[in-house]
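Now for the letters of each chain:
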Amino acid sequence: MPIEILKYLLPLIYFIVVWTYGKAFFKSSKSAETLKSPLLHMLVFLHFIYLILRTVQFSHPPITKVFEIMTVVAFCISLAYAYIEVRTKVKGTGYFILMVAFFFQLISSLFIKDLLDVPDVLRSNLLGFHVTSALLGFSAITISAIYGMLYLMLYHDIKSNRIGVIYQRLPNLEILERMSFSSTKFGFVFLTIAIIVGIIWLPKAFDNFSYADPKLVGTGFIWLLYGIGLAAKWFA
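In short, a report on the structure. (Residues numbered from 1 in each chain as written. Predicted model: local features only at pLDDT ≥ 70, side-chain atom pairs only at ≥ 80, totals over all residues. Heavy atoms only, no water.)

## Some thoughts on the overall build of the protein
Helix and strand content of the protein: eight helices and zero strands. The linear arrangement of helices and strands in the protein, starting from the amino end, is α-α-α-α-α-α-α-α. Taken over the C-alpha trace, the protein has a radius of gyration of 19 Å; the compact-globule value for 236 residues is 18 Å, and the two agree within 12%. By residue count, 46% of the 236 residues in the protein fall in the buried class. (Helix = DSSP H or I, 4+ residues; strand = E, 2+ residues; numbered from the N terminus. Rg over C-alpha atoms; globule rule 2.2 N^0.38 Å. Buried < 20%, exposed > 50% of the residue type's maximum accessible area, 1.4 Å probe, protein only.)

## Here we look at the packing of helix H2 (residues 30–58) against helix H3 (residues 66–88)
Two quantities define a packed helix pair, namely the angle between the helix axes and the distance between the axes. At a minimum axis separation of 10 Å, H2 and H3 run at an interaxial angle of 145°. In the packing of H2 onto H3, the handedness of the crossing is left-handed. Of the residues in H3, those in contact with Ser-37, Leu-40, His-41, Val-44, His-47, Phe-48, Tyr-50, Leu-51 and Arg-54 of H2 are Glu-68, Thr-71, Val-72, Ala-74, Phe-75, Ser-78, Leu-79, Tyr-81, Ala-82, Glu-85 and Val-86. Looking at side-chain class alone, the contact of H2 with H3 contains 12 nonpolar, five polar and three charged residues. (Axes fitted to C-alpha atoms, helices over the stretch in contact; angles between N-to-C directions. Left-handed = near helix turned anticlockwise from the far one by under 90°. Contact = heavy atoms within 4.5 Å. Nonpolar A, V, L, I, M, F, W, Y, C, P; charged D, E, K, R; others polar.)

## A short note on unusual backbone geometry
Positive phi is not limited to glycine here, since Ser-28 has a value of about 55°. Following the sequence through the fold, Ser-28 ends up in the loop between helix H1 (2–27) and H2. We classify Ser-28 as partly exposed; its relative accessible area is 43%. Its identity is not glycine, yet Lys-89 carries a phi of approximately 65°, on the positive side. Among the structural elements, Lys-89 can be located in the loop between H3 and helix H4 (94–111).

## A look at the nonpolar core
One broad rule of soluble globular proteins: the nonpolar side chains tend to lie buried together. Tyr-81, Ile-143, Tyr-147 and Leu-170 are the most contacted members of the largest nonpolar core, which totals 53 residues. Secondary structure elements with two or more residues in this core: H1, H2, H3, H4, helix H5 (125–159) and helix H7 (173–205). Here Ile-143 is in contact with Ile-77, Ala-80, Tyr-81, Ile-84, Ile-97 and Ser-183, once residues within four sequence places are set aside. (Core = buried A, V, L, I, M, F, W, Y, C linked by side-chain atoms within 4.5 Å.)

## Observations regarding the packing of aromatic side chains
Summed over all chains, the structure comprises 13 aromatic pairs. For the pair Tyr-83 and Phe-186, a centre-to-centre distance of 4.7 Å together with 35° between the ring planes defines the contact as tilted. Of this pair, Tyr-83 sits in helix H3 while Phe-186 sits in helix H7; the two residues are 103 residues apart in sequence, bridging distant segments of the chain. Note on Tyr-83: relative accessible area 35%, which makes it partly exposed. Among the aromatic residues, those joined into a ring-pair cluster are Phe-25, Phe-26, Tyr-95 and Phe-96. Stacked on the ring of Phe-181, the Lys or Arg Lys-233 has its end atom at 5.1 Å from the ring centre. (Phe/Tyr/Trp six-rings, centres within 6.5 Å; stacked < 30°, edge-to-face > 60°. Lys NZ or Arg CZ within 6 Å of the ring centre and 35° of its normal.)

Right, here's the structure in full:
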């Protein structure tokens with residue numbers, strides 16, 4: 001069955017992609033440098049097909065249990081990184097980002113269960129869109145944080161006059177800052193979509209829904225903080 005094949009094939013493909021990015025970064029392999037982006041795009045496509053197949057076969061988006069959500073998180077991280085790579089034309093940081101996605105997918109594939117009996121509200125594709133948008137937003141913000149960490153690592157090496165692999169292979173500080181900013185913009189857009197869909201649809205879907213729900217308040221607070229930061233960078 002295709003869905004079972006993909007469930008166990010995806011972690012292997014993630015490992016191959018991470019290994020290829022790692023070989024390109026640490027060994028400066030020309031073949032790995034050539035293959036890594038096409039492999040990533042193939043991975044994102046296959047993962048998208050896997051999520052669609054799960055949604056169709058089990059009549060609900062894969063957001064009902066934690067191990068289903070983990071595979072969506074892995075997809076969101078990979079998709080967000082692929083967008084940033086295409087947007088910035090910088091391909092030297094994928095190892096650090098995609099390693100996170102690999103572990104999420106590995107755990108998901110090992111423990112995910114095929115659920116047929118779920119509440120009707122969880123069968124809504126609009127809810128799936130809401131959750132996926134939120135996960136895309138948070139994934140992009142997480143990637144932005146990783147770029148911040150890489151920025152600090154490189155800055156520390158420059159200050160210490162340490163010329164190692166980090167200095168040689170990472171993009172310069174300006175490019176890392178630009179990649180972090182692109183990640184933040186991507187995340188902010190999808191968090192905005194998730195919040196709008198949630199405010200409109202969730203009260204109709206849940207009788208006991210409250211706008212004081214901690215998840216909604218927390219997401220709104222993060223959205224506000226990043227909105228202020230983006231506005232300051234754009235206008236100030």
